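Okay, here's what each chain looks like letter by letter:
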Amino acid sequence: MTSERVLSWTPSAIVFDCDGTLMDTEKHWQDAREHALGEYGLTAAPGFADRAKGLHYTECGRLMAEESGRPDLVADMTGSLLRIFRDLVAENPVTMPGARELVMSAATFAPLAVASNCPLEVVESCLDTADLRGYFDHIVVPDAGIRPKPQPDVYLTAARHCGAAPADTLAVEDSLCGVEAASRAGMRVLGVGPWPGERTTAMVDLWVSSLAEPDLSRWADARIPRQATR
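The structure displayed is predicted, hence computed values, not measured ones. (Residues numbered from 1 in each chain as written. Predicted model: local features only at pLDDT ≥ 70, side-chain atom pairs only at ≥ 80, totals over all residues. Heavy atoms only, no water.)

A. Highlighting the pattern of salt bridges. Using the criterion set out here, one finds 15 salt bridges in the structure. For Glu173, the salt bridge goes to Lys149, with nearest N and O atoms at 2.7 Å. Taken together, the residues span a long stretch of sequence, with Glu173 in strand β4 (residues 169-173) and Lys149 in the loop between β3 (138-140) and α8 (153-162) at a distance of 24 residues. For Glu173, a relative accessible area of 0% translates into the label buried. Under the relative-accessibility criterion, Lys149 is labelled buried at 4%. Salt bridges here are not isolated pairs; linked through shared partners, they connect Asp17, Lys149 and Glu173. (Salt bridge = Lys/Arg side-chain N within 4 Å of Asp/Glu carboxyl O. Helix = DSSP H or I, 4+ residues; strand = E, 2+ residues; numbered from the N terminus. Buried < 20%, exposed > 50% of the residue type's maximum accessible area, 1.4 Å probe, protein only.)

B. Representation of the packing of aromatic side chains within the structure. This structure, assessed with the given rule, holds three aromatic pairs. Both rings, one in Phe16 and one in Phe136, keep their centres 5.9 Å apart while their planes meet at 85 degrees; by these two values the pair is edge-to-face. Here the residue Phe16 occupies a position in strand β1 (residues 13-16), and Phe136 occupies one in the loop between α7 (120-129) and β3, the gap between them amounting to 120 residues. Like Phe136, Phe16 is buried. Note on Phe109 and Trp219: the rings are 5.6 Å apart at their centroids and 85 degrees apart in plane angle, and the pair reads as edge-to-face. (Phe/Tyr/Trp six-rings, centres within 6.5 Å; stacked < 30°, edge-to-face > 60°.)

C. Summary view of the pairing of β1. Covered by surrounding structure in β1 are Ala13 and Val15 together with Ile14 and Phe16, the residues of both alternating faces. Taken together, the four bridges between β1 and β4 define a ladder with parallel strand orientation. Its bridge partner being in β4, Ala13 is matched across the sheet by Thr169. One ladder, built from three bridges, connects β1 with strand β2 (residues 112-115); its direction is parallel. Residue pairing for β2: Phe16 is matched across the bridge by Val114. (Pairing = 2+ DSSP bridges.)

D. Quick look at helix α11 (residues 214-222). Among all positions in α11, only Leu216, Trp219 and Ala220 are buried. Around the axis of α11, the buried residues are gathered within 95 degrees of arc, so they sit on the same side. With respect to the buried face of α11, the exposed residues turned more than 90 degrees away are Arg218, Asp221 and Ala222. (Arc of directions from axis to C-beta.)

Now the structure itself:
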């Protein structure tokens, strides 16, 4: 892992994850999983939060039901999980430290996109609430033709929409699932959050504890604005 691959470079596009990267929603997912299981009198197996982090909500619902020994409840648990999460986000949307400032600076020198495993309406609602929606040219989420993370589809699609080659694109991620997706897409990866261990950091070019770190701010502020290059 070498910071120079990110901090001495100007990407042609930047693609951000949303949950846990731009928006502080991981706690909402944790609470939603607990409440959804509780509705059926079940509790999560040890280590479930780590296994579920970053998964598409349908995959998370399946994992919840199967690990609880109730595969017959996959559809019901998935529906409960999404309903409870949406309610929690609506009650308490919180932007991650430094996210707004970095997005505003980055938008001056590169097209921006969001690649998320969340439903489109949830991502749009979060970004609207944080007053960030207008900075993003594209939002990509899984659909019938786009597989969820850890497959690379959302990142490849986002780069294509931004008119950038994957190798010239920076992905910003907080989870192993998302880092795997961006790495498979062939992007340089900026990881953010608490130190996740060697398995995750081995796939990133730079790991920071927060998007508010001064080195990131200095890097973004030093890039040449797009209008100045035309």
